[in-house]
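What follows is each chain in one-letter form.
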Amino acid sequence: MGCGHKDDKASLASSQIASFSHQPHQPSSTPASKEVWKKGGRMFSILLAVHLALLACTLVSSGAFEKIAVHDYDVFFLLTVMMLIVIIWIIFYLVSTCRCPDAILCKDSHAGPIWLRGGLILFAIFSLVMDVFKIGYYSSFYSCLSAIKIIYPIVQAIFVVVQTYFLWISAKDCVHVHLNVTRCGLMLTLTTNLAVWMSAVTDESVHKAHSKLKKNMTEEIFRWLLKAGMRSSSAEECNCNSQICQIFKNGYFWLYPFNIEYSLFASAMVYVMWKNVGRFIDHHSHHIHRLKFRLFRRTFFVGIVLGLIILVSGLGVLILYEVQVNSSTESTKNNQALTMYYIFNIVCLGLMSLVCIGGSVIYRFDKRDMDRHKNPTRTLDVALLMGAALGQYAISYYSIVAIVASTPRDAISALNLTYALLMIAQHTFQNIFIIEGLHRQPPKEDHKHDSHQKDLYGLTFVNINAVSLRVPDSGSILAPSTASGTEAIHPSDLVRSLTNPKNMNWRRKFLREISMFLLLSNIILWIMPAFGARPQFDNDTELNFYGDSMWPAIVDICLPFGIFYRMHAVASLLEVYIMS
């Protein structure tokens, strides 16, 4: 297997690669202006991804509406073929980059941080468990189902294992061989993950709407949903009567949120790899910060304690909410569950908004420089935060319009209105705090200045004014040390060195406390809607205002983005915590 073409224009690329490879230890000799960004290859890979995404979206959405001759096994067949092609391409990529010495000339230190790859592995493990449950569920009545329904989870499990290994070892790669093939392969991988995500979101939404409406709605609406949800109606033909079958069925539906997050995490990492194809990095301007994750150092534990209180309280509210809403049809108990849910979220969102405002104020006093270097990972993080927040913004604004325009208004409506307004405010303030944190330079390592600071602090018993009287303003006494290669110390610099570490310490500690509190709070706000606490379906205000068809469609489209926002905010806040 050869190394392939280095670029779309062979003459330009060969000179670029040759000049770079002849001086492997001098990355600064390749300036940023020589980075190879080929518009043609990118455009072709984007067009390929758009067409495949539209095809997958068409099949997935067609399988969820009535009187369309598209079945779930048609969707599974397309996804199985796409995953098999991606598996073959990943194997080709790994083999070709191993055999070609000039395949990867540099790596992007910002891409694929350890906490992002660790989260990917965590979600991959739960996705594999979900595939095992799916295989067990469909195997319970394989005689009346298409074979593709059993083949699909098997292929998906292989796909998850291969892709996770690929992203773990290759997330930082800046590839310089088979550029167009690599771009198309990465875009195919990204599209496949998005198609799996769309299928999982649709399947989960149909299942949840099916169970809710079967219990609460009229028989006419229930029959309409059975016609609209083709996958649910086809599954009705096969009876799942055994207890082990029910365990498998309920188990894999409960694990869907992890598979959804896995697909989105993998898509984000693949996109960064696609941006880095053909990229040269000037290591003099591309700083590599080796930051250590110190959870129990330089902290007051206030953020961790408050965050754990919010997390544990939220788990209790989630359990009570699920028990009262799902086990009872009485409106009184449903209203009690909604009141409890809204009060908890109002308190949590209010605290998070205040904390984010405080963190933004602290950044105003932060003396660290802004990081303005090119960073595709950070650019993607900001874009995902802003884009994913639009889902929750949409739900909140629809709720505000419905509550304000509806009559009569009760206590539940007032709580719902406050909840919607605080949700908008909290997303906005949190995005500002995270984006500011991501664009700050990490603090300098303390050990570089330890000896200098020890010398300065050894003079704390000396009168600073007396020292200043003994040192002329011209600094002539310190000139010999300057000439010998060390930096002269001015009395004003001495005073700043004595006072600045304390000022920096309290700012960094408060930023770490804020980041940890927000991180734990976002975890519970992700868990609650991901595992069934969705008051949008249990509150009659929006359903009565928008109708039984429009409002569930709005929630089904927008809520997955809100859930993804929380998980992505957790990863971004962890990075802000480490960089503080």
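Our structure's up above, just so we're on the same page.
Residues numbered from 1 in each chain as written. Predicted model: local features only at pLDDT ≥ 70, side-chain atom pairs only at ≥ 80, totals over all residues. Heavy atoms only, no water.

1. Regarding the nonpolar core
What counts, and what does not: Buried Ala, Val, Leu, Ile, Met, Phe, Trp, Tyr and Cys residues form a nonpolar core when they are joined through side-chain atoms within 4.5 Å. The classification of residues rests on relative accessible area computed with a 1.4 Å probe and restricted to protein chains. Under 20% of the type maximum is buried, over 50% is exposed, and intermediate values are partly exposed. By the criteria applied, helices consist of DSSP H or I runs no shorter than four residues and strands consist of E runs no shorter than two, each listed in order from the N terminus. The split of the chain into domains comes from an automatic or database domain assignment. Only heavy atoms enter the contact rule, under which two residues are in contact if any of them lie within 4.5 Å.
In this structure, F166, F433 and W526 are the most contacted members of the largest nonpolar core, which totals 135 residues. Top element by residues in this core is helix α21 (residues 550-579). It accounts for 16 residues. Split by domain, this core shows at least three residues from each of two domains, domain 1 (38-222 + 241-280) and domain 2 (297-442 + 503-579). F166 has contacts with W89, I90, Y93, L94, A171, L186 and M273, leaving out every residue within four places of it along the chain.

2. Notes on the side chain of R42
Within the secondary structure, R42 sits in helix α2 (residues 39-62). Owing to a relative accessible area of 12%, R42 belongs among the buried residues under this scheme.

3. What about the environment of F429?
Its location among the elements puts F429 in helix α14 (residues 411-438). Its relative accessible area of 29% is what places F429 among the partly exposed residues. In this structure, the C-alpha to C-alpha distance between F429 and G359, residues 70 residues apart in sequence, is 9.5 Å. Apart from the residues within four sequence positions on either side, F429 is in contact with S353, C356 and I357.

4. Points about the packing of α14 against α21
Our working rule: Geometry is summarised by axes, namely lines fitted to C-alpha atoms with helices restricted to the contacting stretch, and by angles between N-to-C directions that run from 0 to 180 degrees. Put simply, a crossing is left-handed when the front helix is turned counterclockwise from the back one by less than a right angle, and right-handed when it is turned clockwise.
Across the interface, α14 lies against α21 with an axial gap of 9 Å and an inter-helix angle of 40°. Where α14 crosses over α21, the handedness of that crossing is left-handed. In this structure, α14 uses M423, Q426, H427, Q430, N431, F433, I434, G437 and L438 to contact α21, whose residues at the interface are Y565, R566, A569, S572, L573, E575, V576 and M579.

5. As for the packing of aromatic side chains
Note the following rule: What counts as a ring pair is set by centres within 6.5 Å for rings of Phe, Tyr and Trp (its six-membered ring), and what kind of pair is set by the plane angle: stacked under 30 degrees, edge-to-face over 60, tilted for all other angles. Here, a charge over a ring means that NZ of Lys or CZ of Arg falls within 6 Å of the ring centre while also lying within 35 degrees of the ring normal.
A complete count under the given rule lists 26 aromatic pairs for this structure. Residues Y321 and Y341 carry aromatic rings whose centres are separated by 5.3 Å and whose planes lie at 45° to one another, so their mutual orientation is tilted. Of the two residues, Y321 sits in helix α11 (residues 302-327) while Y341 sits in helix α12 (residues 331-364), which places them 20 residues apart along the sequence. Grouping aromatic residues by their ring pairs yields a cluster made of F123, F126, F258, F265 and W526. Positioned above the aromatic ring of W168 is the side chain of R117, whose terminal nitrogen or guanidinium carbon lies 4.6 Å from the ring centre.

6. Comments concerning the pattern of salt bridges
Rule in force here: By definition here, a salt bridge exists when the distance from a side-chain nitrogen of Lys or Arg to a carboxyl oxygen of Asp or Glu is within 4 Å.
All chains considered together, the criterion is met by two salt bridges. The closest approach of N and O atoms between K107 and D173, which form a salt bridge, is 2.5 Å. On the criterion of sequence distance, the pair formed by K107 in strand β1 (residues 104-107) and D173 in strand β2 (residues 173-175) is long-range, its members being 66 residues apart. Between E436 and R364 there is a salt bridge, with its nearest N and O atoms 2.5 Å apart. Of this pair, E436 sits in helix α14 while R364 sits in helix α12, and the two are 72 residues apart along the sequence.

7. Notes on the environment of I434
Among the secondary structure elements, I434 is positioned in helix α14. Under the relative-accessibility criterion, I434 is labelled buried at 0%. The contacts of I434, once residues within four sequence positions are left out, are L385, A569, S572, L573 and V576.

8. Considering the side chain of T182
Note the threshold: A 3.5 Å cut-off defines polar contacts: any pair of N or O atoms within that distance qualifies, except that in protein one atom must be a possible hydrogen donor and the other a possible acceptor, and neighbouring residues in sequence count only when both atoms are side-chain atoms.
Structurally, the position occupied by T182 is in helix α6 (residues 179-216). You can call T182 buried: its relative accessible area is 3%. There is a polar contact of 3.4 Å between the side chain of T182 and the backbone oxygen of V177. Filtering out sequence-adjacent residues up to four positions away, T182 remains in contact with W89, Y93, V175, V177 and V277.

9. What about a nonpolar patch on the surface?
Quick reminder of the rule: Patch membership requires more than 30% relative accessible area and the absence of a salt bridge. Residues of like charge join within 9 Å; the nonpolar side chains Val, Leu, Ile, Met, Phe, Trp and Tyr join within 5 Å. Using the Shrake-Rupley algorithm and a 1.4 Å probe, accessible areas are obtained, with residue cover drawn only from the displayed protein chains.
Together, I114, I121, I125, V129, Y165, W168 and I169 give the surface a local cluster of nonpolar side chains, amounting to about 620 Å² of exposed area. If you list the elements that add at least two residues to the nonpolar patch, you get α4 (114-139) and α5 (148-170). Ranked by residue count, the leading element in the nonpolar patch is α4, at four residues. Within the element layout of this structure, W168 appears in helix α5. On the accessibility criterion, W168 (35% relative accessible area) is partly exposed.

10. With respect to the environment of L573
For L573, the location among the structural elements is in helix α21. Distance from L573 to I514, taken between C-alpha atoms, is 9.3 Å for residues 59 residues apart in sequence. Leaving out residues up to four positions away in the same chain, L573 has contacts with Q430, F433, I434, S515, L518, L519 and N522.

11. Description of the packing of helix α13 (residues 376-405) against α14
Stated formally: Geometric relationships in this document are graded by angle, where less than 35 degrees denotes roughly parallel, more than 145 denotes roughly antiparallel, 65 to 115 denotes roughly perpendicular, and other angles denote oblique. Classification used: nonpolar for Ala, Val, Leu, Ile, Met, Phe, Trp, Tyr, Cys and Pro, charged for Asp, Glu, Lys and Arg, polar for all others including Gly.
At a closest axis distance of 9 Å, the pairing of α13 and α14 adopts a crossing angle of 165°. Classified by the interaxial angle, the pair formed by α13 and α14 is roughly antiparallel. The crossing of α13 and α14 is left-handed. Of the residues belonging to the contact of α13 with α14, the class tally is 16 nonpolar, eight polar and two charged.

12. Brief notes about unusual backbone geometry
Here H178, not a glycine, exhibits a phi torsion of approximately 50°, which is positive. Positionally, H178 belongs in the loop between β2 and α6. Given a relative accessible area of 14%, H178 falls into the buried group.

13. Observations regarding α21
What sets the pattern is the α-helix's 3.6 residues per turn: residues three or four places apart point alike. Selection criterion: In this analysis, the expected span of each helix is defined as 1.5 Å times one less than the number of residues it contains. Here the bend at a residue means the angle between the axes of two seven-residue stretches, the one that ends at it and the one that starts at it.
With 30 residues, α21 should cover 44 Å at 1.5 Å per step; its first-to-last C-alpha distance of 44 Å lies within 8% of that length. If you look at α21, its biggest bend is around 30°, right at C558, and the proline P560 turns up within four residues after that.

That is the geometry; function is a separate question.
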